[in-house]
Amino acid sequence: MTKAIVLTGITTTGTPHLGNYVGAIRPAIAASKDQNVKPFYFLADYHALIKCQEPERVRRSSLEIAATWLALGLETSNAVFYRQSDVPEILELTWMLTCATAKGLMNRAHAYKAAVAENEQGGEHDPDKGITMGLFGYPILMAADILMFNANKVPVGRDQVQHIEMARDIAGRFNHIYGEHFTLPEAVIDENGATLSGLDGRKMSKSYNNTIPLFEPENRLKKLINKIKTNSLEPGEPKQTDGCTLFSIYQSFATAAEVEEIRQRYVEGIGWGEMKRILFEHINEQIAPARERYNELLEKPDHIEEQLQEGAKKARAISVPFITELRKAVGISRISS
Ligand code: TRP
C-alpha cells in the first residue's frame, strides 16, 4: 500500500499558542506516529516574509516553532520535518508555476482581496497601496510547497481552503501543458471543535490578542487562565455550559467522562474560581513534560538545527530529482550531456 502524503506548513511569525496546539499541532503530532501516512511538516519561513519584515522575529519564531514540535514528540523517523528555505527547489518550482498561473486567479485570492478592500474602505485612491507581489503571488508559493512533494492531503484551517483549490487549479493547468507531473491535493479540515476559544471568548487568535502561549511558565499560565472571561454568577448558582469559554476550553483537554463530570458540577453551581483551578491543572498536567523538554531544547539549538538538516536531506532526496524532471518537461536542460 502506498502511504497518503500529508503535508502542512507553519508560517514562522509568532509563538505557538494553545489554539495552534489544539487545532493543528496536536493532531499533526499524532499523525506523525501513524504508519499509514507519510507526513511532511515544514517551517514556512519564506511565507513569513510576506507578512513580517522583522528579521529577528522570523528567526526567533523559527526556533520556537521547531522546538515546540520536537518537544511535543514529533516522530521524525516517520515525518519529514524541514525548513522551507533549505529546499531551494521549492522556489524554482514557484517560478515555473507562476508562469502557468493566470493573473486573474490571483486577483480572486482572499488575502489579496481583503487587502484591496481595506484600502478602498480607507478611502485610498490606489487600491493596491502597500500590497507586495509577495502577498499577491502567495498562493503560488503555497502551491509549490504542496506540489513539490505531490501531497495528497493538506490539513489546514478554513481560511486556507481556497489556497488548496488554487493549488489544484495550478497543478491541473501545468499538467495540461506539460504532461502529468503533479498529484491534485485535497484540503482536510477538522470539523469537530478544532478551534479553541481565547481569553475573551472569541476564537483564540493572534489577531485578537486573546491567546495563551503554549509554553508559558506555570505561574503565567495560571494568571492567564484566571483572566478568561466569565459571567458574574456566584458559587452555588447553577451555570450554563453552553457558551461558557472555560467549559469549551476544558473540552479540548479532557476525556468524555471528565467532561460529563464537570457538566454535572455546572448544574450544581461550581464557582468560577474552582473551575479555573481545575482547568489550569488539567492543561498544566498535559503540557508540563513537553514544556520542560521545550526549555531544554531552546538551550540546545545545535540539536534542533541537526534535526532540521536531516529533514532537509530527506526532502531534497525528493525535490532535486523532481525539479530535474520538471526542468526537462518545460524545456530547460543542457544542450548536450
Ligand atoms: N499559508 C499557511 C498559513 O498561513 C501556511 C502554509 C504555507 C501552508 N505553505 C503551506 C499550509 C502549504 C499548508 C500547505 O496557515
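Structure: see above.
Caption draft 1: Local environment of the packing of aromatic side chains. In this structure the tally under the stated criterion is 14 aromatic pairs. Taken together, a centroid distance of 6.1 Å and an interplanar angle of 20° make the contact between Trp69 and Phe81 stacked. Pair noted here: Trp69 is in helix H3 (residues 55–71) and Phe81 is in strand E3 (residues 80–83), with a separation of 12 residues, a long-range link. As far as burial versus exposure is concerned, Trp69 and Phe81 are alike and both buried. Judged by centre distance (5.5 Å) and plane angle (70°), the ring pair of Phe247 and Tyr266 falls under edge-to-face. Pair noted here: Phe247 is in helix H10 (residues 245–251) and Tyr266 is in helix H11 (residues 256–267), with a separation of 19 residues, a long-range link. Taking the relative accessible area as the measure of exposure, Phe247 reaches 3% and is therefore buried. An aromatic cluster of at least three residues, connected via ring pairs, comprises Phe40, Phe42, Tyr82 and Phe149. The side chain of Arg26 reaches across the aromatic face of Phe253, ending 5.5 Å from its centre. The lysine or arginine in question, Lys239, covers the ring of Trp272, its NZ or CZ lying 5.5 Å from the ring centre.

Caption draft 2: Geometry of the packing of H3 against helix H12 (residues 272–298). Where H3 meets H12, the closest approach of the two axes is 9 Å, and the angle between their N-to-C directions is 135°. Judged by the inter-axis angle, H3 sits oblique to H12. Between H3 and H12 lies a crossing whose hand is right-handed. In this structure, H3 contributes Arg60, Leu63, Glu64, Ala67, Thr68, Leu70 and Ala71 to the contact, and H12 contributes Ala290, Arg293, Tyr294, Leu297 and Leu298. Of the residues belonging to the contact of H3 with H12, the class tally is eight nonpolar, one polar and three charged.

Rules used throughout
- Residues numbered from 1 in each chain as written.
- Predicted model: local features only at pLDDT ≥ 70, side-chain atom pairs only at ≥ 80, totals over all residues.
- Heavy atoms only, no water.
- Phe/Tyr/Trp six-rings, centres within 6.5 Å; stacked < 30°, edge-to-face > 60°.
- Helix = DSSP H or I, 4+ residues; strand = E, 2+ residues; numbered from the N terminus.
- Buried < 20%, exposed > 50% of the residue type's maximum accessible area, 1.4 Å probe, protein only.
- Lys NZ or Arg CZ within 6 Å of the ring centre and 35° of its normal.
- Axes fitted to C-alpha atoms, helices over the stretch in contact; angles between N-to-C directions.
- Parallel < 35°, antiparallel > 145°, perpendicular 65-115°, else oblique.
- Left-handed = near helix turned anticlockwise from the far one by under 90°.
- Contact = heavy atoms within 4.5 Å.
- Nonpolar A, V, L, I, M, F, W, Y, C, P; charged D, E, K, R; others polar.

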